[in-house]
Amino acid sequence: MYNELKGSDLTRAMLARGDKDIWCAVCDENDEQAMMDHYGNDFTAYIISYSDGYFYCSAGMPWRFAVPIKICAVMQYETAM
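Here goes a summary of the coordinates provided. Note that this is a predicted model, so its numbers are computed, not measured. (Residues numbered from 1 in each chain as written. Predicted model: local features only at pLDDT ≥ 70, side-chain atom pairs only at ≥ 80, totals over all residues. Heavy atoms only, no water.)

With that settled, consider the packing of aromatic side chains. In total, this model carries three aromatic pairs according to the counting rule given. Between phenylalanine 43 and tryptophan 63, the aromatic rings sit 6.2 Å apart at their centres with planes inclined by 80 degrees, giving edge-to-face as the arrangement. Linking phenylalanine 43 in the loop between helix H2 (31-34) and strand E2 (44-51) with tryptophan 63 in strand E4 (residues 62-63), this pair joins segments that are 20 residues apart in sequence. Between arginine 12 and the ring centre of tyrosine 50, over which it is positioned, the NZ or CZ distance is 5.2 Å. (Phe/Tyr/Trp six-rings, centres within 6.5 Å; stacked < 30°, edge-to-face > 60°. Helix = DSSP H or I, 4+ residues; strand = E, 2+ residues; numbered from the N terminus. Lys NZ or Arg CZ within 6 Å of the ring centre and 35° of its normal.)

Let's shift gears to the side chain of serine 8. Assignment of secondary structure puts serine 8 in helix H1 (residues 7-16). The class of serine 8 is buried, set by a relative accessible area of 2%. A polar contact is formed between the side chain of serine 8 and the side chain of aspartate 31, at a distance of 2.5 Å. Apart from residues no more than four positions distant in its own chain, serine 8 is found in contact with Asp31, Phe55, Phe65, Ala66 and Val67. (Buried < 20%, exposed > 50% of the residue type's maximum accessible area, 1.4 Å probe, protein only. Polar contact = N/O pair within 3.5 Å; in protein donor to acceptor, adjacent residues only side chain to side chain. Contact = heavy atoms within 4.5 Å.)

And the structure:
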């Protein structure tokens with residue numbers, strides 16, 4: 001059976017293979033909280049390293065959990081116009 005990596009485990013694996021500047025939803029509680037509604041918050045960051053149990057973002061802040069995310073432009077057909 002194939003176990004697919006996800007969440008912070010995936011971010012650690014991506015960093016280990018040499019990926020840089022991984023855009024992530026971040027949190028100090030758990031992966032699920034990192035992915036919660038971010039309305040009015042800015043809890044996303046470019047993760048550049050993992051050390052001593054913490055993910056570090058490009059601004060130098062440590063985070064316990066970092067879930068890779070995608071950001072893409074919204075197309076007109078996706079809106080209720």
